[in-house]
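# Structure assessment
Take a look at the letters that make up each chain.
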Amino acid sequence: MSETTPPPPTGSAVFVSYASQDAAAALRLCEALRAAGVEVWFDQAELAGGDAWDQKIRGQIASRALFVPVISAATQARREGYFRLEWKLAAQRTHMISERTAFLLPVVIDETRDAEADVPGEFRAVQWTRLPGGAPTPQFVERVKKLLGGLEMETGRPRPVERGEGAASPPMQPDTPKVGRRVPAAAWMGALAVIAIGAGAIFFATRKSEPASPNAGTGTRPPTSGNSAPSPASRLPSPTAPAALDPKSVAVLAFANMSAEKDTEYFSDGISEEILNALDRIPALRVTPRTSSFSFKGKNVALDEIGRALRVASVIEGSVRKAGNEVRITVKLLNAVDGSRVWSEEFNRQMTPADMFAVQSEIAAKVAQKLGGASAAPATSPVSTIAVPTKNLAAYDAYLRGRAALADVALDRATAVGHFEEALRLDPNYALAWAGLAQALVFQRQGGAAHRTEENATRARSAAANALRLSPDRPEAHLALALVKQSVDRDLEAAGRELDAIEKLHPGHAGVVSVRADLEYSRGHWGADWVRLVWQAVERDPQNNVRNTTRANALSAAGWFSEAARLLERVRLAEPTADMPLRYLTDNLYRWTGNVKAAAAVLDELPQNNLRNAAFYATRAELRIKQGNLAAALADLESASSAGGASVETGSRRHTVTYRRARLESLLGHAARAAELYAQTLAEEKALDWDATTARVALPALVKARLGQREEALGLLAQVMPHGERTFFANNRAHLRIAKAEVHAALGQVDEAVATLRTVLEMGYGFGYSLRLDLEWEPLRGDAKFQQLMKEAEARADAQPRPKK
């Protein structure tokens with residue numbers, strides 16, 4: 001075979017070709033295929049040009065088994081584009097392939113008619129698929145897999161057209177799999193809190209709904225002095241294209257509550273979670289955490305869709321029926337790919353703690369045997385070494401109620417605290433209840449300053465210590481102490497040691513990687529090793545959409561814009577109506593590329609009738625400021641002040657919106673109105689219920705600076721900065737320094753502002769194009785040192801794989 005002759009199409013991969021305007025739709029196709037285990041070439045890099053690039057593209061097209069051109073009104077409108085070269089190369093390749101071999105699989109994502117489409121003639125000789133908006137159907141994914149397996153020929157139009165797929169079919173609404181639980185807006189907003197106004201944008205920090213943790217990778221960014229840039233995300237292996245499913249991966253779905261008393265659902269959920277935890281203590285298995293597994297609760301979703309969404313080979317489902325002193329637990333282990341039953345059994349037990357814990361261990365051991373063979377026999381399983389946590393049935397019931405309350409984002413944390421305290425009143429030696437109490441107290445502390453007392457901190461420390469003293473082999477005890485060390489004591493090293501202890505006792509524990517990724521971010525270890533940890537956490541808990549959104553925001557803040565966009569797009573596939581991922585995408589895009597218009601277009605994808613709340617208007621206002629449309633931005637901010645939604649009415653961001661309104665009124669020449677709003681900002685900030693050590697207390701200093709009160713502004717900075725530099729996590733420290741730089745810029749202290757921003761850049765913070773575009777840095781733009789700072793920040797952004805323009 002000559003060097004120019006392509007190899008036969010025996011590969012297992014797909015090449016997706018698209019116009020830049022259709023990138024979002026193409027990504028949806030790509031994600032769905034990858035989730036099904038299909039390898040996909042999906043180029044998100046900005047076209048580099050040149051012979052080397054052309055050779056790379058030609059090689060990819062020549063070696064792929066299927067070529068999927070995305071056809072739309074956008075491709076119709078473009079008479080010239082690189083995708084047309086890709087199409088021509090694919091068409092040419094068909095002349096060297098057997099007519100019995102499938103290669104071309106055109107996909108139309110809108111109402112473009114095939115008879116009028118501007119495509120190579122070879123494309124018309126095969127059957128087209130219609131997927132409105134690029135939303136892949138399960139039938140399409142299965143069809144691709146069959147084609148790759150050589151089970152179906154695709155020449156001409158040999159088979160009846162599937163509904164919604166054929167070229168002659170009218171546009172249909174896609175049958176999008178409902179993968180993931182719709183999280184209420186309040187839950188999204190409850191997971192994040194505003195922590196600063198800096199660089200003209202609103203920054204967010206994660207509400208630690210899970211403990212955070214360290215010592216994962218030691219990789220940090222390369223030195224950031226001069227023009228050196230961090231390792232671009234393009235050098236990482238693609239984390240969104242997992243290999244074949246791990247045959248020992250399993251998810252435990254929420255068991256159905258078959259009891260006559262429907263208010264006992266907490267009990268069936270608790271049994272499911274306890275079986276999940278027992279399985280997670282078996283090193284040979286990879287177990288999906290509760291958040292993702294339970295996201296399908298009450299949903300009518302096909303088993304194979306659940307398996308693809310959770311990236312597991314097996315699924316456990318079952319039911320719990322409690323009647324008097326007897327409990328019947330029915331368990332089924334199913335193959336997640338074809339739905340076949342691997343094993344099932346019914347367990348009838350007395351309603352005693354000993355029987356409950358014994359049956360959970362027995363079920364876990366039998367599942368391990370089915371998935372892992374003789375090496376996972378009950379006698380060698382860590383499950384069998386765990387002692388019965390309590391012998392008090394009422395204490396066990398109270399504990400399960402506490403776990404259910406802790407998992408319900410709609411409930412006040414005091415509810416969970418009360419249930420755990422009741423369990424401990426009944427059995428003071430109940431280690432799991434002590435661990436649950438410690439976790440609930442830490443989460444309660446994050447709900448307001450009223451709970452951030454020294455008494456609360458002491459109770460949390462004592463609860464975690466008791467859990468570990470009573471049950472040093474329990475991962476729950478170490479996780480509770482890690483959470484206390486991280487959130488209460490701010491001792492990140494100690495938190496990391498607790499995670500190390502879990503990994504020694506229970507290698508592969510599901511919760512560790514997530515906690516460790518969070519803690520590495522808090523420590524400021526924002527290099528490639530941390531990014532890999534983030535993606536490992538995502539793969540373990542893929543349907544935890546709230547947490548994955550916060551992880552994407554962290555990636556963006558640390559300058560990994562391409563990785564952040566990839567993760568946010570994944571969340572959008574699972575939660576297409578959620579507004580927070582879309583808003584984060586807009587912020588990430590403008591900082592990544594400097595293209596404010598494109599970022600505004602992404603934000604406008606949010607439906608008019610869906611969550612156009614204060615957060616939406618505040619985000620759009622920032623984009624309009626960057627476009628120089630101050631009057632329209634002011635109108636949006638006024639809408640934000642009066643709109644409903646979690647962000648403003650709860651007080652978490654009202655003062656920041658008021659401050660932005662004051663700033664715009666000042667720039668528009670309305671001095672009296674600006675002064676009135678600045679005073680209102682101070683009043684609103686003072687009334688907020690939060691910890692005085694947070695970075696947000698820098699806002700009063702900024703207001704004083706805007707009012708020309710130089711000494712008062714500098715005095716406020718002097719109060720907050722020393723404490724913040726000592727105790728804040730790296731991300732909070734970065735935001736605090738940005739706020740400090742903004743104060744110096746407002747006071748005309750250019751050298752001080754630039755020097756402070758330099759320290760943030762050297763931490764690895766991802767400014768991208770924000771230094772060039774944000775209003776706050778206008779006083780600095782004539783300074784040579786600031787101009788150098790902008791160039792370095794933008795060079796880092798440019799080093800990322802770029803979205804096609």
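Described in the following lines is the structure provided in the data block. Quick caveat, the model's predicted, so the values are computed rather than measured.

## Regarding the overall build of the protein
Of regular secondary structure, the protein possesses 33 helices and 13 strands. The buried share of the protein, reckoned over its 805 residues, is 59%. Only carbon and sulfur atoms are counted for the fraction: they give 51% of the accessible area of the protein, which is about 30,900 Å².

## Here's the deal with the nonpolar core
With 73 residues, the main nonpolar core has Trp530, Leu757, Phe767, Leu771, Trp777 and Phe786 as its most contacted residues. Sequence-distant contacts of Phe786, that is, excluding residues within four places in its chain, are made with Val754, Leu757, Leu771, Trp777, Leu780 and Arg781. Listed in part, the 64 residues of the second largest apolar core include Val250, Val367, Ala438 and Leu481.

## Digging into the pairing of strand 8 (residues 249–252)
Of the two faces of strand 8, both are covered, the one formed by Ser249 and Ala251 as well as the one formed by Val250 and Val252. The sheet contact formed by strand 8 and strand 11 (residues 314–323) spans 3 bridges and is parallel. What sits directly across from Ala251, in strand 11, is Val315.

## Remarks on the environment of His525
Inspection of the secondary structure assignment puts His525 in the loop between helix 17 (510–523) and helix 18 (528–540). Considering only alpha carbons, one finds His525 and Ala558, 33 residues apart in sequence, at a separation of 9.4 Å. Here the side chain of His525 touches Glu520 through a polar contact of 2.8 Å, side chain to side chain.

## Section: helix 23 (residues 614–626)
Since there are 3.6 residues in each turn of an α-helix, residues three or four apart along the chain are aligned in direction. When the terminal C-alpha atoms of helix 23 are compared, their 19 Å separation across 13 residues agrees well with the 18 Å that a helix rising 1.5 Å per residue should span. In terms of burial, helix 23 is largely enclosed, as 12 of its 13 residues are buried.

## Some points on unusual backbone geometry
The backbone of Arg311 sits at a positive phi, close to 55°, despite the residue not being glycine. Following the sequence through the fold, Arg311 ends up in the loop between helix 9 (303–310) and strand 11. Positive phi outside glycine occurs at Arg490, with the angle close to 55°. Checked against the element boundaries, Arg490 lands in the loop between helix 15 (475–488) and helix 16 (492–505).

## Observations regarding the sheet that holds strand 2 (residues 39–41)
Taken in spatial order, the 5 strands make up an open sheet running 2-1-3-4-5, and their pairing is parallel. Whereas interior strands pair on both sides, the edge strands pair on one side only; in this sheet they are strand 2 and strand 5 (129–130). Note: strand 1 (residues 13–17) against strand 3 (residues 66–71), 4 bridges, orientation parallel. Within the sheet, the bridge partner assigned to Ser17 lies in strand 3 and is Pro69. Docked against the sheet, helix 1 (residues 23–35) engages strand 1, strand 2, strand 3 and strand 4 (107–108), running at close to 155° with respect to strand 2.

What counts, and where the lines are drawn
- Residues numbered from 1 in each chain as written.
- Predicted model: local features only at pLDDT ≥ 70, side-chain atom pairs only at ≥ 80, totals over all residues.
- Heavy atoms only, no water.
- Helix = DSSP H or I, 4+ residues; strand = E, 2+ residues; numbered from the N terminus.
- Buried < 20%, exposed > 50% of the residue type's maximum accessible area, 1.4 Å probe, protein only.
- Areas by Shrake-Rupley, 256 points an atom, 1.4 Å probe, with all protein chains shown as cover.
- Core = buried A, V, L, I, M, F, W, Y, C linked by side-chain atoms within 4.5 Å.
- Contact = heavy atoms within 4.5 Å.
- Pairing = 2+ DSSP bridges.
- Polar contact = N/O pair within 3.5 Å; in protein donor to acceptor, adjacent residues only side chain to side chain.
- Expected span 1.5 Å × (residues − 1).
- Axes fitted to C-alpha atoms, helices over the stretch in contact; angles between N-to-C directions.

Interpretation in functional terms is not warranted from these geometric data alone.
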